[in-house]
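Observations on the model geometry
One-letter residues, chain by chain:
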Amino acid sequence: MKLRTVGYYFRETFRSVRHHSWMTVAAIITVAISLFILGIFSLAVVNANQVATGLVSELEIAAFLRVDTPPEVVAQVGDAIRRVPGVQEAILVPKEEGLQQLAAQFGEQHDLLQALGGVNPLPDYYRVKAVAPDRVESIARSIERINYVESVNYGRDVVGRLLEVAAWVQWLGMAAVVMLAVAAVALVANTIRLAVMTRAREIAIMKYVGATNWFIRWPFFLQGLFLGLVGAGVAVVCLYWGYNWVIARMQLALPFLPLVTGQEIVLQLVGLLVLLGMVVGSLGSLISVRRFLQV
Amino acid sequence: MIQFYNVTKIYPTGVYALRDCTAGIEKGEFVFLVGPSGAGKSTFLRLIFREELATRGQVLVGGRSVSRLRPREVPLLRRQIGVVFQDFRLLEDRTVYENVAFAMQVLERPSKEIRQRVPRVLQMVGLAARANIYPQHLSGGEQQRVAIARAIINTPPILVADEPTGNLDPDTAWDILQLLLEINKGGTTVIIATHNREIVDRLQRRVIALGQGRILRDEAKGVYRREA
Ligand SMILES: Nc1ncnc2c1ncn2[C@@H]1O[C@H](COP(=O)(O)OP(=O)(O)OP(=O)(O)O)[C@@H](O)[C@H]1O
Ligand SMILES: [Mg+2]
């Protein structure tokens, strides 16, 4: 390609875009919608993962000892817990403290111990912290096997379900994105096919005069790229506003959720969306020009 | 420059347009291709610039087999050949000047060169005064000249013209022929498919006569029809 031809390519591209303005708008909207939905799914997945890991990392394991554990064994169990690989610390919560905590929850007017007939039914338990969230499960299983440990409790269910949901969202998102991407490519291809068709005669003449395929392709390629880029731009702007709006409301309603805030995440998405827009656009254009070059 | 070796062309419809044609055209020749309608003249020309491919046999241009060119070499072949189509194939939404300049733009010629050369060639075909007019406002003879100007603008070594005098009055037809002879004097190989008996007989140039797809005659100083 020669530099002086670049001007020609851009003029031709512009001519085509102007000539088929409605199809152009439709193609841009399709690309934008597809990328917008891709963006929504990405944000949902990122947030679900973030919330899940946030919960996991604050997670502690509660290892309850049997009620009949002799007092002198309690410390030994503690040592055994601390020897489990991946355990950062293990703090004993004696049954008296547990009862106090329980009483605090019921309110101070009740004398809980008295209500229970003077016998503390609670077991001693250890609050165990893991060095890393992904160790929690294996640690819990190891502790379970230690003598005098009655049961182990951690937020397995909540976290597990959350991660499961995140995985589902991810799959669903991917499927939706693939379908939408195909639709977007098809619409871009259609728009450009229209542009190519109105110029089929011109293209045939160009070929007989000795134009190379790329000389003919470039303006359409640029048109596809243009559709993709503008579509991506629209999607990014909508995502940015939409996401910030949602986040602002979510943080009012559920302030404890560790959501990813707008700026950082959308900025990371921009690159991906723009790249995808360009791929969709240029793919669409190459598909539609192909047939007309067989002269 | 151009060689046909046992060329047969069968269209997808099953029509035999050419049968076992063998002929050679040298550099700088001026050749008439004659024959009744449907004889295969246009097909003969189309095989040269590869609008169609031979079903059997070989067509060589500049020593290269046209059917064995790689896709990226096809444009290079076509740059060797200026084509004047039977139906002109001008672009309606471009002026005479733009139609001719188009053929140079497509080859990525510098715009300065285009600005200099296009007026000169329009002058040569007698259309200098019509440069800014759209093709639909031109007479048939004028459109014919635009088509010729576009075909020669890049000075190809071969010029192929399909019925360049069809539908023209005898005087205009003769003017066009003079123009093609002029171009041939410059060293361009010129091949013309025509029905115009008067011109063929008058010029006494090489004649290849086709009939039902076969080469019936190939004579150095031929006429339109050899009476039996
Ligand atoms: N694209 C095509 N598809 C099918 N058949 C074709 C095609 N082009 C030409 N033919 C047939 O091939 C034969 C030769 O056609 P061609 O156009 O080469 O003749 P011609 O000598 O140029 O005729 P004319 O003087 O009318 O232009 C004819 O029978 C025609 O019907
Ligand atoms: Mg013909």
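Remember, it's a predicted structure, so these values are computed and weren't measured experimentally.

What counts and how
Residues numbered from 1 in each chain as written. Chains lettered and ligands numbered in written order. Predicted model: local features only at pLDDT ≥ 70, side-chain atom pairs only at ≥ 80, totals over all residues. Heavy atoms only, no water. Helix = DSSP H or I, 4+ residues; strand = E, 2+ residues; numbered from the N terminus. Rg over C-alpha atoms; globule rule 2.2 N^0.38 Å. Buried < 20%, exposed > 50% of the residue type's maximum accessible area, 1.4 Å probe, protein only. Contact = heavy atoms within 4.5 Å. Areas by Shrake-Rupley, 256 points an atom, 1.4 Å probe, with all protein chains shown as cover. Lys, Arg positive; Asp, Glu negative; His and termini not counted. Charge placed at Lys NZ, Arg CZ, Asp CG, Glu CD. Buried area = accessible area lost by both parts, 1.4 Å probe. Salt bridge = Lys/Arg side-chain N within 4 Å of Asp/Glu carboxyl O. Polar contact = N/O pair within 3.5 Å; in protein donor to acceptor, adjacent residues only side chain to side chain. Nonpolar A, V, L, I, M, F, W, Y, C, P; charged D, E, K, R; others polar. Domains from an automatic or database assignment. Near = heavy atom within 4 Å. Pairing = 2+ DSSP bridges. Axes fitted to C-alpha atoms, helices over the stretch in contact; angles between N-to-C directions. Expected span 1.5 Å × (residues − 1). Patch = residues over 30% accessible without salt bridge, like charges linked within 9 Å, V, L, I, M, F, W, Y side chains within 5 Å.

**Observations concerning the overall build of chain B**
On a plain count of helices and strands, chain B comes out with 7 helices and 10 strands. Scaling as 2.2 N^0.38, a compact globule of 228 residues should have a C-alpha radius of gyration of about 17 Å, and chain B matches this with 17 Å. Seen through its C-alpha atoms, chain B measures out along the principal axes to roughly 50 × 40 × 35 Å. For chain B, the proportion of its 228 residues judged to be buried stands at 56%. In chain B, of all internal contacts separated by at least 6 residues, the share reaching a separation of at least 24 is 68%. Accessible surface for chain B amounts to roughly 10,500 Å². Of this, 47% is attributable to carbon and sulfur atoms. When the 33 positive and 24 negative side-chain charges of chain B are each reduced to one mean point, those points stand 6 Å apart.

**A look at the interface of chain B and chain A**
In this complex, chain B contributes 22 residues to the contact, which on the side of chain A involves 19 residues. Of all residues in chain B, R78(B), V106(B) and E108(B) bury the most surface against chain A, accounting for 34% of the area lost on that side. At the junction of chain B with chain A, the criterion picks out 1 salt bridge. A salt bridge links E202(A) to R94(B), with the shortest nitrogen-to-oxygen separation between them at 2.6 Å. Between the two partners, chain B and chain A, sit 5 residue pairs in polar contact (both at pLDDT 80 or more). Every element with two or more residues in the side of chain B that touches chain A is listed here: α2 (74-79) and α3 (96-105) of chain B. Here the residues of the side of chain B that touches chain A are counted per class, giving 10 nonpolar, 2 polar and 10 charged.

**Comments concerning the domain arrangement of chain B**
All names here are of chain B. What the domain assignment lists for chain B is domain 1 (1-80 + 156-228) and domain 2 (94-152). On a C-alpha basis, the centres of domain 1 and domain 2 stand 24 Å from each other. Across the contact, 13 residues belong to domain 1 and 11 residues belong to domain 2. With both sides pooled, the region where domain 1 packs onto domain 2 buries about 960 Å², and carbon together with sulfur makes up 76% of that total. If you sort the residues of domain 1 by the area they bury against domain 2, R79, I176 and L179 come out on top, with a joint share of 42%. In this assembly, domain 1 and domain 2 are joined by 1 salt bridge. In this structure, D175 engages R145 in a salt bridge whose closest nitrogen and oxygen atoms are separated by 3.9 Å. At the boundary of domain 1 with domain 2, the tally comes to 1 residue pair in polar contact (both at pLDDT 80 or more). Counting residues per element, the side of domain 1 that touches domain 2 draws most heavily on helix α6 (residues 170-185), which supplies 6 residues.

**Examining the site of ligand 1**
Residues and elements named next belong to chain B. Taken together, 16 residues form the shell around ligand 1, and within it S37, G38, K41, S42 and T43 come nearest. A distance of 2.4 Å separates an oxygen atom of ligand 1 from a polar side-chain atom of S37. Within the side chain of H195, a nitrogen or oxygen atom sits 3.1 Å from an oxygen atom of ligand 1. For the shell around ligand 1, the leading source of residues is helix α1 (residues 41-48), giving 4 residues. Looking at the shell around ligand 1 residue by residue, the classes come out as 5 nonpolar, 8 polar and 3 charged.

**Here we look at the pairing of strand β7 (residues 158-162) of chain B**
Looking along a regular strand, one sees side chains alternate from face to face of the sheet. All names here are of chain B. Here β7 lies mainly inside the structure; 5 of its 5 residues are buried. Covered by surrounding structure in β7 are I158, V160 and D162 together with L159 and A161, the residues of both alternating faces. In terms of strand pairing, strand β6 (residues 81-84) meets β7 through 4 bridges, oriented parallel. Paired with V84 across the two strands is A161, which belongs to β7.

**Some details on the sheet that holds strand β5 (residues 64-65) of chain B**
All names here are of chain B. Taken together, 4 strands build an open sheet; the order of strands is β2-β1-β4-β5 and the sheet is antiparallel. Edge positions in the open sheet fall to β2 (16-25) and β5, since each of these has one partner strand only. Packing against the sheet, α1 makes contact with β1 (2-10), β2 and β4 (56-61), and its axis sits at approximately 120° to β1.

**Observations concerning α6(B)**
Residue and element names in this part refer to chain B. Here α6 spans 22 Å end to end across 16 residues, near enough to the 22 Å set by a 1.5 Å rise per residue. Of all the residues in α6, the buried ones are T172, A173, W174, I176, L177, L179, L180, L181, I183 and N184. Check the buried side of α6 and you find it contacts β3 (30-34), α4 (111-124), α5 (140-152), β7, β8 (189-193) and α7 (197-203).

**Considerations on the sheet that holds β6(B)**
All names here are of chain B. Across the sheet, which stays open at both edges, the 6 strands sit in the order β6-β7-β8-β3-β9-β10 with mixed pairing between neighbours. Because the sheet does not close on itself, it has two edges, and the strands there are β6 and β10 (214-219). For this sheet, the mean inter-axis angle between neighbouring strands, taken without regard to orientation, is 15°. Pairing between β3 and β8: 4 bridges, direction parallel. Opposite V31, over in β8, you have I191 as the bridge partner.

**Quick word on the domain arrangement of chain A**
Segmentation of chain A into domains returns domain 1 (3-55 + 160-293) and domain 2 (60-154). Taking only C-alpha atoms into account, the centre of domain 1 of chain A sits 54 Å from that of domain 2 of chain A.

**Focus on a nonpolar patch on the surface**
Together, W22(A), V25(A), I29(A) and I33(A) give the surface a local cluster of nonpolar side chains, amounting to about 440 Å² of exposed area. One can find V25(A) in helix α2 (residues 21-57).

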